[in-house]
Structure formats: C-alpha cells, structure tokens
Amino acid sequence: MNCAAQSSAPAYWLSFLLLLDWGSGLITPWRSLLWCVLAGLLYAVLYPQRVSAGGNCLTTRGLVRGHRVRTDLLVSVRCLDGVSQRLLLRDRLEGRVENDPGVLVHHPHLWFCLERGARKAADDGSLLCGATALRRLSERVDRETARAVSRSPAWSERQPYLTDL
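Let me sum up the structure you'll find in this document. Just so you know, these numbers come straight off a predicted model, no measurement behind them.

## Focus on the sheet that holds strand β1 (residues 50-54)
Step number 1: Taken together, three strands build an open sheet; the order of strands is β1-β2-β3 and the sheet is antiparallel. The open sheet terminates on both sides in strands that have one partner only, identified here as β1 and β3 (66-70). On average, each strand axis in the sheet is inclined to that of its neighbour by 15°, with strand direction left out of account.
Step number 2: Docked against the sheet, helix α4 (residues 108-124) engages β1 and β2 (57-61), running at close to 50° with respect to β1.

So this is what it looks like as structure tokens:
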C-alpha cells in the first residue's frame with residue numbers, strides 16, 4: 001500500500017461509516033464522535049514513517065517524533081526479525097533509528113547514503129557489528145535494482161540480442 005492510500009484510507013472509512021449510519025437512520029452525535037475517533041486511531045496506525053538522508057545523517061519521522069543517526073559514526077547495524085523485518089541502526093552519539101529495509105531497497109539514494117557512511121564507519125573502526133547485515137542488505141538492493149533494470153522497456157528491446165549469444 002503506498003503512502004497516499006495509507007493516508008486517505010481513514011477518510012474513506014469515516015465517510016463510508018457516517019453515510020451508512022445516516023442512511024440507516026442510526027446516526028447520533030455520540031456515534032459520529034465514535035466514528036471520528038476510530039478514524040483518527042486508524043490514521044495514527046497507518047501513518048507512514050518518513051525517511052530522509054542528507055550529509056552523513058539518516059532521519060526517520062513518525063507521527064509524533066523523529067529519530068536521527070549519523071551514518072559515519074555507526075556502531076551497530078542489526079536486522080530484527082518478527083512480523084515485519086526491521087533494520088536497527090545505532091551510532092556513537094546514542095542515535096537510534098529503526099526502519100523497514102524495504103524502504104532502502106526501493107529508494108537507492110537512501111541506501112547509497114547509508115552505505116557510504118557505513119563504509120566510513122567500518123574504515124574508522126567504529127562499526128563493531130553489522131557487516132553481515134549490511135552485506136545481505138547490499139545483495140538485496142543489487143538484486144532488486146537488477147530486477148528493475150531488466151523490466152525496463154529499454155532493456156526489453158535489447159534482450160533478443162543477449163539470447164543470440
């Protein structure tokens with residue numbers, strides 16, 4: 001589900017439920033308030049996390065607050081498995097960012113900013129754990145990028161020439 005669909009889903013549900021109550025004649029001020037509160041809760045749950053990168057920082061912003069980590073000062077990178085896979089980044093300045101690795105896969109600019117900073121941290125010796133997690137994520141980014149390139153129309157036109165080899 002993309003960000004626009006996530007943001008507008010509560011409004012659609014609120015409209016649907018209010019129209020349903022109005023059509024059935026069951027609408028009351030308290031019931032309308034209940035539907036508005038439930039739509040607000042749904043919005044809070046579905047609100048997408050915003051991720052940005054600039055310089056040597058990776059920043060995530062949620063509904064209420066944001067987190068920032070310096071990629072050139074990374075201490076650990078861990079993949080957390082569970083219902084949804086998460087990537088946990090920590091730096092020397094006590095910064096902590098928890099993010100979906102799919103965001104990095106689908107937005108190569110974010111990945112390249114993270115990778116550049118992680119390489120600098122590894123060269124400086126501050127990255128204590130996370131080389132395996134970064135390597136796996138790098139392989140996943142490369143695989144998805146290659147898949148996207150192979151699906152592009154320009155690649156499809158050249159593909160018959162590759163099968164002649």
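## Here's the deal with the sheet that holds strand β5 (residues 86-91)
The strands making up a sheet are joined through hydrogen bonds of the backbone, oriented either antiparallel or parallel.
Step number 1: Reading across from one edge, β4-β5-β6 is the order of the three strands in this open sheet, with antiparallel pairing throughout. Since the sheet does not close on itself, it has two edges, and those belong to β4 (74-80) and β6 (96-99), each with one partner. Across the sheet, the mean angle separating the axes of adjacent strands is 15° when strand polarity is ignored.
Step number 2: Pairing of β4 with β5 involves six bridges; the strand directions are antiparallel. Bridging from a neighbouring strand, Leu 74 pairs with Asp 91 of β5.

## Structural notes on the layout of surface pockets
Step number 1: What the second largest pocket holds in volume is close to 150 Å³.
Step number 2: Forming the boundary of the second largest pocket are Cys 79, Asp 81, Gln 85, Pro 101, Ala 133, Arg 136, Leu 137 and Arg 140.
Step number 3: Per-element accounting of the lining of the second largest pocket gives the leading share, four residues, to helix α5 (residues 131-151).
Step number 4: The residue inventory of the lining of the second largest pocket, partitioned by class, reads four nonpolar, one polar and three charged.

## Brief notes about the packing of aromatic side chains
Step number 1: Going through the model one piece at a time under the given rule, you end up with one aromatic pair.
Step number 2: Taking 6.0 Å as the distance between ring centres and 85° as the angle between the ring planes, the aromatic pair formed by Trp 13 and Phe 16 counts as edge-to-face. Here Phe 16 and Trp 13 lie together in helix α1 (residues 3-24), a separation of three residues that amounts to about one turn.
Step number 3: According to the relative accessible area criterion, Phe 16 is partly exposed, its value standing at 45%.

## Focus on the pattern of salt bridges
Side-chain pairs of opposite charge can arise where the charged atoms are in close proximity.
Step number 1: Per the counting criterion, the structure on display carries eight salt bridges.
Step number 2: Measuring nitrogen to oxygen at the nearest pair gives 2.8 Å for the salt bridge that ties Arg 70 to Asp 72.
Step number 3: For Glu 144, the salt bridge goes to Arg 147, with nearest N and O atoms at 2.9 Å. Remark: Arg 147 and Glu 144 occur in helix α5; sequence separation between them is three residues, near one turn of the helix.
Step number 4: Several salt bridges converge on common partners, so that one network encompasses Arg 86, Arg 96 and Glu 98.

## Topic: unusual backbone geometry
Step number 1: With a phi close to 70°, Glu 94 is a non-glycine residue in the positive phi region.
Step number 2: Mapped onto the secondary structure, Glu 94 falls in the loop between β5 and β6.
Step number 3: Residue classification places Glu 94 among the exposed positions, given a relative accessible area of 72%.

Rules of the game
- Residues numbered from 1 in each chain as written.
- Predicted model: local features only at pLDDT ≥ 70, side-chain atom pairs only at ≥ 80, totals over all residues.
- Heavy atoms only, no water.
- Pairing = 2+ DSSP bridges.
- Helix = DSSP H or I, 4+ residues; strand = E, 2+ residues; numbered from the N terminus.
- Axes fitted to C-alpha atoms, helices over the stretch in contact; angles between N-to-C directions.
- Contact = heavy atoms within 4.5 Å.
- 1 Å grid on protein atoms, 1.4 Å probe; cavity = no way out; pocket = protein on both sides within 12 Å on 5 of 7 lines; lining within 4 Å.
- Points joined across faces, edges and corners; volume = space filled by probe spheres on them.
- Nonpolar A, V, L, I, M, F, W, Y, C, P; charged D, E, K, R; others polar.
- Phe/Tyr/Trp six-rings, centres within 6.5 Å; stacked < 30°, edge-to-face > 60°.
- Buried < 20%, exposed > 50% of the residue type's maximum accessible area, 1.4 Å probe, protein only.
- Salt bridge = Lys/Arg side-chain N within 4 Å of Asp/Glu carboxyl O.

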